[in-house]
Amino acid sequence: MLKKNNEGEDMFDSKLKKLGKNVILVFFTGITLLLTLLSLFNNAYLSWDEHTTIVADKPFYLFVWFMIIVFFIYFVRKHYKTQETYYFNKIFIILSLILLIVGVFMIFKFDVKPVADQYNILEAATGLKNGNYSYFTPLGYVGKCSNQAGIVVILYYLSFIFGENNYQAFQVLNIIGLLVSYYCLCKISQISFRNDELKNWTLILLFIFFPLTFYIAFVYGNLFGHAFSLLAILAGYQYFETGKIKYILLSIGSIIFAMMFKSNYMIVFVAMVIFILFDIILNKKYTSIILLILFVPAYFASSFIPNTIIKNITGIELGKGIPMIAYVEMGLQDSDVAPGWYNGYNWSVYENNNGDYDLANTQAKNDLKNTLFNYITHPSEFIDFLYRKTVSQWCNPDFQGTWVTRHSSFYIQSELWYQIFNVFESTVLLGTLAYICFTGRHMKLHRLLLPTIFIGGFIFHLFWEAKSQYTITYFVLLIPYCAKGLMDMTNEMIDSFRNIRIVRSIPKKFKMIVDMDTFKFIVFMLLIICFIKIFV
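Chemist: Just checking my understanding: could you explain the pairing of strand 1 (residues 42–46) for this structure?
Modeler: One face of the sheet, then the other: side chains in a regular strand alternate in exactly this way. Counted residue by residue, strand 1 has four buried out of five residues, so it is predominantly covered. Of the pairings in the sheet, the one linking strand 1 to strand 2 (residues 52–56) comprises five bridges and is antiparallel in character. Its bridge partner lying in strand 2, Asn42 is registered against Ala56. Turn length for the strand 1-strand 2 hairpin, with the two strands adjacent in sequence and antiparallel, is five residues, and the turn residue Glu50 shows positive phi of about 75 degrees.

What follows is the structure, given as structure tokens:
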């Protein structure tokens, strides 16, 4: 009787795991397919002053380039031993040195000065050091944007080492943060898929994605938040592999720093908590309860620590600042820049209520109710808005990478540049879709942490303030899955083409080609493209 009960529990747990996996997989597939099609049919150009222009793209042209890249990788993998582990170490060291040298040269040669929010957080950190606390009053910059307290405190402490307003020192440190994020993402891909070759291709694709590299000039929390969030994930994976407590502490410390650098990395925190709960409930790993108990306070620590430091120095207790719901309302408004992008609403609703959080929150709620009522009564308008907003922040091929350098002579405005990364973006999305079609549907639940973060980022910025500088770090999470998809396709091509050569019968050769999953994927995508071209 006891044995039957255990069997029943195991079956229930198995079904629950399958349900959890399938729910995530359906969302991952749907969003990836949507972005793939939007990327193939649309291109969003970003001007110097952040205005977005959406133009029609060339889906067949992009798909042909994807196939050229697939055949190039097929040729490389067929003739060279790209699976060797030592390649990763060599490639990483060589490319890291190149990036460090070129990055430092770019920083000091072109002197990309911080503006807007970057300038304000540097000035706030200087004020914190020199006794100018106006930035921390309710209507001061940090008083309004209390979510910036973490990076302001970090810059404050860095100023004791590198001097005040030393933005170039932070930019150099950004290079280290970028390299840490590359290394962590490659290691995560290796652990997830138990494949050494995958991390080699992941590394190459990451280094090719130059728009992310340009963010080293951005004196903001994007890169370091990205690096610490990936380090938190990697440490979490290593804890599940080894059970060592040191990885729990590393993971907790890293996610705290990630959210201090940029509060948006709360999405990573939430995804990690969900997977810890999965581990406890589905895998019956009750030792992970310790991880959960220690992990949850990290969310509060990411704001409590900087707020306490600021209060001890200034004597000012930071309020809640601009209500978060004001960012949602702004994210659902049209603007002259692009749908859902910054239009000043969040600042004006707070200032018009004299920095009173409760009054501003009440007004933002009422405004949001009116906006939602308008969209409910005009659903076609809402769909059109979300369509244009999604294209504006996901189909800009360089994800504002060149825009970051706009206040320098290094600023690039080149059609060739856009087209290169237009092809790159479409390749990453198509490669990810290929992975899902080939082997992704059989993936284990633990491989779905990065897709869960990607799903969270997509949904969050569907309603929150839009910017390509926000979505770029979620797009990068797809690169390991793209690399795996390209490997799956070329693995089949290597094996199938070898067998096809042996067969003499032309009909049999043709049948073997038609039976290939690669062929089916190509035909499937071409049919969708043709259907949209003709009927949509």
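Chemist: Is there a simple way to explain the nonpolar core in this structure?
Modeler: As a rule of thumb, soluble globular proteins bury nonpolar side chains together. Counting 176 residues, the largest nonpolar core has Tyr182, Ile233, Ile255 and Ile453 as the members making the most contacts within it. Sort the elements by how many residues they give to this core and helix 18 (residues 415–438) lands first, with 13 residues. Setting aside residues up to four positions removed in sequence, Ile255 forms contacts with Phe228, Ala232, Tyr265, Val268, Phe269, Met272, Phe295 and Ala298.

Chemist: Would you take a moment to explain the environment of Lys389 for this structure?
Modeler: Secondary-structure assignment places Lys389 in helix 17 (residues 379–394). By relative accessible area, Lys389 is classed as buried at 0%. The spatial distance from the C-alpha of Lys389 to the C-alpha of Leu332 is 9.1 Å, given a sequence separation of 57 residues. Those residues in contact with Lys389, other than ones at most four positions away along the chain, are Gly331, Pro339, Gly340, His461, Leu462, Phe463, Trp464 and Ala466. For Lys389, the side chain forms a polar contact with the main-chain oxygen of Leu462, separated by 3.0 Å.

Chemist: Can you help me understand the packing of helix 12 (residues 266–282) against helix 19 (residues 449–463) in this one?
Modeler: When two helices pack together, their arrangement is given by the angle between the helix axes and by the axis-to-axis distance. Running from amino to carboxyl end, helix 12 crosses helix 19 at an angle of 135 degrees, the nearest separation of the two axes being 9 Å. Considered as vectors, helix 12 and helix 19 are oriented oblique to each other. Remark: the crossing between helix 12 and helix 19 carries right-handed chirality. Across from Ile267, Val268, Ala271, Met272 and Phe275 in helix 12, the residues of helix 19 making contact are Leu449, Thr452, Ile453, Gly456, Gly457 and Phe460.

Chemist: I would appreciate a short explanation of the side chain of Asn346 in the present structure.
Modeler: Assignment of secondary structure puts Asn346 in helix 15 (residues 345–351). Residues in contact with Asn346, not counting those within four places in the same chain, are Ile322, Ala326, Tyr327 and Met330.

Chemist: Explain a nonpolar patch on the surface here, please?
Modeler: A cluster of nonpolar side chains, namely Ile93, Ile94, Leu97, Ile98, Ile101 and Val102, defines an oily patch on the protein surface of about 590 Å² accessible area. Following the sequence through the fold, Ile93 ends up in helix 3 (residues 85–110).

Chemist: So what exactly am I meant to see when it comes to the pattern of salt bridges here?
Modeler: Side chains that carry opposite charge are capable of pairing whenever their charged atoms lie near each other. Counting across every chain of the model gives 10 salt bridges. For the salt bridge of Arg388 with Asp384, the shortest nitrogen-to-oxygen distance reads 3.0 Å. With Arg388 and Asp384 both in helix 17 and four residues apart, this pair spans about one turn of that helix. Given the relative accessible area of 24%, Arg388 is considered partly exposed. Put simply, Asp334, Asp384 and Arg388 are held in one network by salt bridges that share partners.

Chemist: Which parts of the structure should I look at to understand the environment of Ser263?
Modeler: Along the chain, Ser263 falls in the loop between helix 11 (245–261) and helix 12. The sequence separation of Ser263 and Phe531 amounts to 268 residues, and the corresponding C-alpha distance is 41 Å.

Chemist: Looking at this structure, how should I read the packing of aromatic side chains?
Modeler: Taken as a whole, this structure holds 46 aromatic pairs when the rule is applied. For the pair Phe88 and Tyr183, a centre-to-centre distance of 6.2 Å together with 45 degrees between the ring planes defines the contact as tilted. Placement of the pair is Phe88 in helix 3 and Tyr183 in helix 7 (residues 167–193), with a sequence separation of 95 residues. Take Phe88: its relative accessible area is 2%, and that puts it in the buried class. By relative accessible area, Tyr183 is classed as partly exposed at 35%. Residues Phe460 and Trp464 carry aromatic rings whose centres are separated by 4.9 Å and whose planes lie at 25 degrees to one another, so their mutual orientation is stacked. According to the relative accessible area criterion, Phe460 is partly exposed, its value standing at 23%. The exposure class of Trp464 is buried, given its relative accessible area of 12%. By way of ring pairs, the aromatic residues Phe105, Phe110, Phe209, Phe210, Phe214, Phe399, Phe410, Trp417, Phe421, Phe424 and Phe475 are connected into one cluster. If you follow Lys199 out to its NZ or CZ, it ends over the ring of Phe88, 4.7 Å from the centre.

Chemist: Explanation requested: unusual backbone geometry in the structure shown.
Modeler: The phi angle of most residues is negative, glycine excepted, and most peptide bonds adopt the trans form. Located in the positive-phi region is Arg194, a residue other than glycine, with phi close to 50 degrees. With respect to the element layout, Arg194 can be found in the loop between helix 7 and helix 8 (196–208). For Arg194, a relative accessible area of 58% gives the class exposed. The backbone of Gln400 shows a phi angle near 65 degrees, a positive value even though the residue is not glycine. Within the element layout of this structure, Gln400 appears in the loop between helix 17 and helix 18. The exposure class assigned to Gln400 is buried, which follows from its relative accessible area of 0%.

About the cut-offs
- Residues numbered from 1 in each chain as written.
- Predicted model: local features only at pLDDT ≥ 70, side-chain atom pairs only at ≥ 80, totals over all residues.
- Heavy atoms only, no water.
- Buried < 20%, exposed > 50% of the residue type's maximum accessible area, 1.4 Å probe, protein only.
- Helix = DSSP H or I, 4+ residues; strand = E, 2+ residues; numbered from the N terminus.
- Pairing = 2+ DSSP bridges.
- Core = buried A, V, L, I, M, F, W, Y, C linked by side-chain atoms within 4.5 Å.
- Contact = heavy atoms within 4.5 Å.
- Polar contact = N/O pair within 3.5 Å; in protein donor to acceptor, adjacent residues only side chain to side chain.
- Axes fitted to C-alpha atoms, helices over the stretch in contact; angles between N-to-C directions.
- Parallel < 35°, antiparallel > 145°, perpendicular 65-115°, else oblique.
- Left-handed = near helix turned anticlockwise from the far one by under 90°.
- Patch = residues over 30% accessible without salt bridge, like charges linked within 9 Å, V, L, I, M, F, W, Y side chains within 5 Å.
- Areas by Shrake-Rupley, 256 points an atom, 1.4 Å probe, with all protein chains shown as cover.
- Salt bridge = Lys/Arg side-chain N within 4 Å of Asp/Glu carboxyl O.
- Phe/Tyr/Trp six-rings, centres within 6.5 Å; stacked < 30°, edge-to-face > 60°.
- Lys NZ or Arg CZ within 6 Å of the ring centre and 35° of its normal.

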